[in-house]
Each structure stands twice: as C-alpha cells, then as structure tokens.
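Next come the chains, spelled out residue by residue.
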Amino acid sequence: MQQRRKLYFGLALAALLTVGFVATSLISYFVAHDSLTDRIAEESLPLTSDNIYSEIQRDLLRPILISSVMAHDTFVRDWAIAGENDPERIIQYLREIQAKYGTITAFFVSEKTRHYYHPTGILKTVSRDDPGDAWYFRVRGMNEAYEVNVDADTANRERLSIFINYRVYDYDGDYIGATGVGLSVNAVTRLIEAYQRRYGRRIYFIDREGDVTLHGSGFEGAFRIQERPGLAQHATQILTSPSMSLTYTRPDGHTVFVNSRLVPEFDWYLLVEQTESPAEARIQKTLVVNLLVALGITILVLLVAHFTVRGYQRRLEEMATTDKLTGAANRQVFDMIFDHEIKTARRRGNEPVCVVSIDIDHFKHINDTYGHQGGDTVLREIAAVIREYIRESDTLCRWGGEEFLVLLGDCSLAAARERAETIRNAVKNHPIRFGRDDIFVTVSLGVAQHRASEDLTSLIHRADMAMYEAKREGRDRVRQ
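Residues numbered from 1 in each chain as written. Predicted model: local features only at pLDDT ≥ 70, side-chain atom pairs only at ≥ 80, totals over all residues. Heavy atoms only, no water.

(A) Spatial organisation of the overall build of the protein chain. Check the secondary structure of the protein chain and you find 12 helices and 18 strands. Looking at the protein chain residue by residue over its 480 residues, the buried ones come to 44%. Partitioning the intrachain contacts of the protein chain with sequence separation of at least 6 by distance along the chain shows that 58% fall at a separation of at least 24. Counting only carbon and sulfur atoms, one obtains 52% of the accessible surface of the protein chain, whose full area is about 25,800 Å². (Helix = DSSP H or I, 4+ residues; strand = E, 2+ residues; numbered from the N terminus. Buried < 20%, exposed > 50% of the residue type's maximum accessible area, 1.4 Å probe, protein only. Contact = heavy atoms within 4.5 Å. Areas by Shrake-Rupley, 256 points an atom, 1.4 Å probe, with all protein chains shown as cover.)

Given below as structure tokens:
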C-alpha cells in the first residue's frame, strides 16, 4: 500500500509538471500554427490556384474552341450532308487544321458511313464490335456538346492522347457525326510540370468519379482520391463543390493544404496541393524543444513508472491465451483446457474425449502464390469455418503454422469422425476471397480418442499420425 501511494504521488507530481510545460508550449504553438494555416488556406493557395486556372484556360481550352469551330464549320456539315463525295476534300481540311493549330491529330467520323477521316486518309470504319471505337458510340449517345477523353490515338495505338470529341449536327439539328482534335498527353504533362516548378505546388486533375486523369512527375500513391490516405474522407465534398479549400493529414503526419476548382470546359477538377511550409517546420521545432525541457524535468519520475508498467505488461503477456491472427486458443492455454476437460470427463463417468488434428493442404503453395497476406487470410477463414461446425463447448486451437486442433468433450470416436468429415466438406466448398481471386482450399484431418491415463502429447501424436496418413493417401480426407 505504501509503495502504491508513493507511485501515485510521483505520477501526480510528474503530471503537474508536464501539464504546466505542455500547456504553455501548446498554446503558443497552436496560435502560431492557426495563423499560418489560415494564411495559406485563405490567401496563398487560392491565389496560386487562380493563377494556374487562368493559364490552363489559355493553354488547354484552345483545343476545345478549335473543335467547336470544326463542328460548326459549314464546309464540314455541307460536305457530310451532300453524301461525302470526294473524301480528299475533308482529308485536306483536317490536314490544314492540324498544321494551322499544331495539334497532333484532327478527325471527323461520319454517322452515315462510319468512316474515320484523318489527315492521312480514311483510317477505318468504326464498329461497335471494336473496343477501340467505344468512344464514338459514347459520344453518339451523350447529351453534352462535347467530351474530353484520354485515349489511345486511332492512328497510333501506342500514343496516348487527349481528345476533344465534338458532336456535329446538320441544319435541322440531327446528329451527323463527331469531329475534333487531339493533344499529346506528354505535352500537357509538361505544362503541368512547368506549373509545379513555377509555383512549388503539386498539381493534378481528377474527373467526376475522383480518378486522376492528368498529373506531373513526382505524383505518388493511389490514382483515385477516394483511396488516398487522408484525402479520401474529403472526396465527396470535393466532388460536389465547384471550389473549396481544405487540409488533411498524411499517414506520415504532414499536413497538406488543398484547393480544388471545377474546370467546367473539361468537366474535371483542378487540385493544387501544398505541404507544410518552412515556417511550419520552425514552429514545430520550437514546440519540440519546449517539450524536451518538460521531458528532462520529469524523466526520473517517468522511469519509475516505466519499470512498474513493464512489470505489469510482462504479467499480461504471460496471461495472453489467444492466437492474434485467427482468434483461436494458443498452445499455452490448450494444455490447461485439456487437463480441465479430462478431469471433467472422469467426474462424469469417463466420458469420451477426442482430438481432431487439421492441416491445410498445400499451404506453402498458397503462400508462394498469394504471399503471406493471402496465407493469413486463408488461416483466418479456415478458423472461422471450423468454428461454425463445432459446439460452443468445444475448443479450437492453432497448434502451429497451418495446423489446428479441435478438442471435443463428451464425444465418441465415431461422432468425432463425423464432425471431422463435416468440417472437411465445409472447407472444401468454401471459396476464400482474396483481392479479385477465389482461393479453394482442402484440409487433411486425423481423429484420435483419449485413452485412460494418456497424456496430451501422446494423444496429439496419434491424431497427427492419422492426419499424416490422410496426407499420404491423397489429402482432403479424414483418417483415425
């Protein structure tokens, strides 16, 4: 009791000292931090986003205007309405558009003939059966005047391009085809990288679904904002707001400031990100120094607490009885449960007690194919299946690696074998989902009944021998 009181006194003293120092340091830190955060979020980052947006309008919206001019050009409409006579005329027109505006391609696809006209000639006839032509039928059925699409170039399937696909109508408002121009993705990426170098921020575009459509070098992590740690929780807010500013914390603890803005011409969102500024690092350094002072003053008291907690922790570890991965009992507690079960069976007139040894077949192949994460998933699922087919009074134990034991009290050898067959069949017909794959697993089982005065080691050995016999005979079976 006296030692406990000394501990409480020491902890109370340490707490008072720590609270005093920490409170003073944190108040100073948060005042400075909030001021800096507000300045970045409300002034610096939105201003940068405005500047980038203005430059994007200048650099990237030009192709949309070009495609609009082509879609409303009387020559294009008259030529298509007249029956597409003399294809060389439209080919020459596309060639001149490409040369005049410096695009990597220009095109017109006729709704009537489905011909794909290109500056180099008629490339093909688009078809619903060709996956590469899906873009045309998507444009054909949409209500919007145009779309921005990142796709492989029909003229060069190895070249990824940004296409402006514009619907073309005749004078009665009927759809007669699609036209537009294409930009090199690499060229646009270079523009983004130039913005990043100039402004010192990370810049990228996302579509309405949250998928990253364009980005510069140095972009890391998931290509979907719903999967980016920290940013994911703000995804819905970003995708439903024309513009907004927010902050989030990355897994490494760094704060990221984000400004998003809808670019209606692309129907994409422009995201500009900035990590903590040098001033933020200096504020954090000051906080750390202050906290170190508090730590130095209370270190002796905390050492006393440390050794005390470590003693309790050692005792808790010794008391641990459950396998962390599968939730099954571990080997240490299984010995005690077995002794208790045998004593209970003797008190009840020597009731039968059985052990089932279960080993996953070809588990090494599973680990080699799907990795240790896949193996862990299989172990968890197998344990769950076994639990479904044993009684609450029975005990499931992970004996080691891919081997499990089931202790069945008040259970004859015949009943234990029947239970083992049920488990075997359930495992065999239970596909285990891992990522996009279904893993099918079988188990080999050995059953043994406890004999009078037999110890646990001998009983498990007999169950294991029966299980090994099942392995030798081809696996996926029960032996006793």
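(B) Local environment of the packing of aromatic side chains. The full count for this structure, using the stated rule, is 18 aromatic pairs. A ring pair is formed by Phe-108 and Tyr-117, whose centres lie 6.3 Å apart and whose planes are at 25°; its orientation type is stacked. The same class applies to Phe-108 and to Tyr-117, which are both buried. Ring geometry for Tyr-146 versus Tyr-166: centroids 5.2 Å apart, planes at 25°, classification stacked. With Tyr-146 in strand β4 (residues 146–152) and Tyr-166 in strand β5 (residues 160–169), this pair connects stretches of sequence that are 20 residues apart. Connected via pairs of aromatic rings, a cluster forms that spans Phe-107, Tyr-116, Trp-135, Tyr-136, Phe-137, Phe-163, Tyr-169 and Tyr-175. (Phe/Tyr/Trp six-rings, centres within 6.5 Å; stacked < 30°, edge-to-face > 60°.)

(C) Looking closely at the nonpolar core. Membership of the largest hydrophobic core comes to 37 residues, with the highest contact counts inside it found for Met-70, Phe-108, Leu-214 and Leu-270. Once residues lying within four places of it in the same chain are set aside, the contact partners of Phe-108 are Val-76, Trp-79, Ala-80, Leu-94, His-115, Tyr-116, Tyr-117, Val-168, Ile-176, Gly-177, Ala-178 and Thr-179. Ile-360, Ile-382, Val-385 and Val-478 belong to the second-largest nonpolar core, a separate cluster that totals 31 residues. (Core = buried A, V, L, I, M, F, W, Y, C linked by side-chain atoms within 4.5 Å.)

(D) Structural context of unusual backbone geometry. Residues other than glycine seldom take positive phi values, yet Arg-114 does so here, at roughly 65°. For Arg-114, the location among the structural elements is in the loop between β1 (105–110) and β2 (115–118). In this structure, Asp-476 is a non-glycine residue whose phi angle is positive, near 55°. Mapped onto the elements, Asp-476 comes out in the loop between α12 (456–472) and β18 (478–479). According to the relative accessible area criterion, Asp-476 is buried, its value standing at 17%.

(E) Up close: the packing of helix α9 (residues 331–347) against α12. As a packed pair, α9 and α12 sit with axes 11 Å apart at the nearest point and diverge in direction by 100°. The angle between α9 and α12 places the two elements in the roughly perpendicular class. From α9, Phe-334, Asp-335 and Phe-338 reach across to α12, where they touch Leu-456, Leu-459 and Ile-460. Within the contact of α9 with α12, the residues separate by chemical class into 5 nonpolar, no polar and 1 charged. (Axes fitted to C-alpha atoms, helices over the stretch in contact; angles between N-to-C directions. Parallel < 35°, antiparallel > 145°, perpendicular 65-115°, else oblique. Nonpolar A, V, L, I, M, F, W, Y, C, P; charged D, E, K, R; others polar.)

(F) Quick peek at the pairing of strand β9 (residues 243–249). Only one face of β9 is covered, namely the face carrying Met-244, Leu-246 and Tyr-248; the face carrying Ser-243, Ser-245, Thr-247 and Thr-249 is uncovered. Linking β9 to strand β10 (residues 255–263), which pair antiparallel, is a turn of 5 residues; within it Gly-253 sits at a positive phi near 95°. (Pairing = 2+ DSSP bridges.)

(G) Quick peek at the sheet that holds strand β17 (residues 443–449). A sheet is described by the order of its strands in space; here 5 strands give the open sequence β13-β14-β12-β17-β18, paired in mixed fashion. In this open sheet, the two strands that pair with only one neighbour each are β13 (395–400) and β18. Pairing of β13 with strand β14 (residues 403–409) involves 5 bridges; the strand directions are antiparallel. Each bridged residue has a counterpart across the sheet, and for Cys-397 the counterpart in β14 is Leu-405. Sheet contacts for α12: β12 (353–360), β13, β14, β17 and β18; angle to β17, the most-contacted strand, approximately 145°.

(H) Inspection of the pattern of salt bridges at higher detail. For the structure shown, the criterion picks out 20 salt bridges. A salt bridge links Asp-394 to Arg-391, with the nearest nitrogen and oxygen atoms 2.8 Å apart. The buried category is assigned to Asp-394, whose relative accessible area is 8%. On the basis of relative accessibility, which here comes to 31%, the residue Arg-391 falls in the partly exposed class. The salt bridge partner of Arg-424 is Asp-476, with a shortest N-O separation of 3.0 Å. Note that Arg-424 is positioned in helix α11 (residues 413–428) and Asp-476 in the loop between α12 and β18, a separation of 52 residues in sequence. Taken individually, Arg-424 and Asp-476 each receive the classification buried, so the pair is uniform in this respect. Each member of the salt-bridge network shares a partner with another, and the members are Glu-421, Arg-424, Lys-428 and Asp-476. (Salt bridge = Lys/Arg side-chain N within 4 Å of Asp/Glu carboxyl O.)

(I) Highlighting the side chain of His-450. When you line up the elements, His-450 lands in the loop between β17 and α12. For His-450, the side chain forms a polar contact with the main-chain oxygen of Glu-454, separated by 2.7 Å. Ignoring anything within four residues of it in the chain, the contact list for His-450 reads Phe-338, Ile-342, Val-353, Leu-459 and Arg-462. (Polar contact = N/O pair within 3.5 Å; in protein donor to acceptor, adjacent residues only side chain to side chain.)

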